[in-house]
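# Structural features, examined
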Amino acid sequence: MIKLKSQSTELVLKVTCTATGGIVAAITSFLWAKNCYISELNQYDDEINERFFMRLVCRVDLKDFDISLIREGFTDIAKQFDMEWQLYDSSIPKRVLIMVSKSDHCLANLLYRFHKGELPIEITAIVSNHKDLRPMAEREGIRFVHLPITKENKREQELALLDLAKETDTELVVLARYMQILSDSLCKELSGHAINIHHSFLPGFKGARPYHQAFERGVKLIGATAHYVTSDLDEGPIIEQAVQPVDHADCAEQLVSIGRDTETIALARAVKLHCENRVFLYGNKTLVFK
């Protein structure tokens, strides 16, 4: 067994391909030959669609380790099984751009968890269509970019956002209660790289003041859904959901407060799962190895 040291490099390998025999054996044998110690392995076979998914974590204890050598060597196995695959160095945080409007609870929670080391991210900028949360960003020493939206300048500002994302090498955009509908073209350009959060009720309530609508209907369960952004409003592939029971004693403002909690929890979990490379986009849904 390889002796593990504190300076070991931890790698995360994500693989999906047609389900067949020999996949796990080929991957693990290759990694062992490259002095990689496998510390975690999760796999799933979708028997309906005959699709195989795997997330593997391994450590390498080699001086002057070069991840490109693993990538180059893995190419032959990937071709053999016609794999879609990604290999990540888990010590490198994801570069994340956060978008907000006026509500601060999701942003505050993400910043808190970031400072506590709970999220493997580096925040590249905070973007808003309002100036309300500029002081919060400036207190944290994070770049704040104000991109006000009107009907006339919507596409222009979306292009400015894309330019900013490119300039900062942003890998993930997080809509932390950003209250603007993204255009179809922007959704396509951010596909698989943007996460949104919204309330989720049984039954569902759309439009203004959803928690007050829920109060009027006497709901017994409220929650929040974090999902990838698509052109279908609030209907993208779901990453994480949070729910809490409520009853007749909870007034509308209490529902709003409980709703804020569920939104922060679901969004933070979704960001963490994505940035730890635990999520596979699979058609209109996700597969998540927790």
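This text follows the structure it describes.
Now for a look at the structure at hand. Computed from a prediction, not measured in an experiment: that's the story for all the values here.

If you walk across this open sheet you meet the seven strands as β7-β6-β5-β8-β9-β10-β11, and the pairing is mixed. The sheet terminates laterally at β7 (144-146) and β11 (238-245), the two strands that pair on one side only. When strand polarity is set aside, the average angle formed by the axes of neighbouring strands in this sheet is 25°. Across four bridges, strand β5 (residues 94-100) lies against strand β8 (residues 172-175) in parallel orientation.

The next thing to look at is a negative patch on the surface. On the surface, a cluster of negative charge is made up of Asp184, Asp232, Asp234 and Glu235. Its location among the elements puts Asp234 in the loop between β10 (221-228) and β11.

A few words on unusual backbone geometry. For Glu50, which is not glycine, the phi torsion reads 55° and is therefore positive. Looking at the element boundaries, Glu50 is found in the loop between β2 (36-46) and β3 (51-60). Of note in this structure, Arg209 is not a glycine but carries a positive phi near 50°.

With that settled, consider the packing of helix α7 (residues 210-217) against helix α8 (residues 252-275). At their nearest, the axes of α7 and α8 sit 9 Å apart, and the two run at 125° to each other. Relative to α8, α7 is oriented oblique. The handedness of the crossing between α7 and α8 comes out as right-handed. Across the interface between the two elements, Tyr211, His212, Ala214 and Phe215 of α7 pack against Ala252, Glu253, Leu255, Val256, Gly259, Arg260 and Glu263 of α8. A class-by-class count of the residues in the contact of α7 with α8 yields six nonpolar, two polar and three charged.

Our focus in this paragraph is the side chain of Glu158. With respect to the helices and strands, the residue Glu158 is situated in helix α5 (residues 154-167). Not counting residues within four places of it along the chain, the set of residues in contact with Glu158 comprises Ile181, Leu182, Ser183, Ser185 and Leu186.

Further remarks concern the packing of aromatic side chains. Per the stated rule, a full pass over the model turns up six aromatic pairs. Judged by centre distance (4.7 Å) and plane angle (70°), the ring pair of Phe53 and Tyr282 falls under edge-to-face. With Phe53 in strand β3 and Tyr282 in strand β12 (residues 279-282), this residue pair connects regions lying 229 residues apart in the sequence. Look at Phe53 and you get buried, because its relative accessible area is 2%. Accessibility expressed as a relative area gives 18% for Tyr282, which makes it buried. Through successive ring pairs, a cluster of aromatic residues spans Tyr44, Phe53, Phe280, Tyr282 and Phe289. One residue, Lys94, lies across the ring of Tyr88, its end atom 4.4 Å from the ring centre.

Strand order in the open sheet formed by four strands is β2-β3-β1-β4, with antiparallel pairing between adjacent strands. The open sheet terminates on both sides in strands that have one partner only, identified here as β2 and β4 (84-89). This sheet shows a mean twist of 10° between the axes of neighbouring strands, independent of strand direction. Across ten bridges, the pairing between strand β1 (residues 9-18) and β3 is antiparallel. Counterpart to Leu11 in the pairing with β3 is Cys58. The strands touched by helix α1 (residues 23-33) within the sheet are β1, β2 and β3, with β3 carrying the most contacts at an inclination of about 15°. Along the sheet, helix α2 (residues 67-81) makes contact with β1, β2 and β4, crossing β4 at roughly 165°.

About the thresholds
- Residues numbered from 1 in each chain as written.
- Predicted model: local features only at pLDDT ≥ 70, side-chain atom pairs only at ≥ 80, totals over all residues.
- Heavy atoms only, no water.
- Pairing = 2+ DSSP bridges.
- Helix = DSSP H or I, 4+ residues; strand = E, 2+ residues; numbered from the N terminus.
- Axes fitted to C-alpha atoms, helices over the stretch in contact; angles between N-to-C directions.
- Patch = residues over 30% accessible without salt bridge, like charges linked within 9 Å, V, L, I, M, F, W, Y side chains within 5 Å.
- Areas by Shrake-Rupley, 256 points an atom, 1.4 Å probe, with all protein chains shown as cover.
- Salt bridge = Lys/Arg side-chain N within 4 Å of Asp/Glu carboxyl O.
- Lys, Arg positive; Asp, Glu negative; His and termini not counted.
- Charge placed at Lys NZ, Arg CZ, Asp CG, Glu CD.
- Parallel < 35°, antiparallel > 145°, perpendicular 65-115°, else oblique.
- Left-handed = near helix turned anticlockwise from the far one by under 90°.
- Contact = heavy atoms within 4.5 Å.
- Nonpolar A, V, L, I, M, F, W, Y, C, P; charged D, E, K, R; others polar.
- Phe/Tyr/Trp six-rings, centres within 6.5 Å; stacked < 30°, edge-to-face > 60°.
- Buried < 20%, exposed > 50% of the residue type's maximum accessible area, 1.4 Å probe, protein only.
- Lys NZ or Arg CZ within 6 Å of the ring centre and 35° of its normal.

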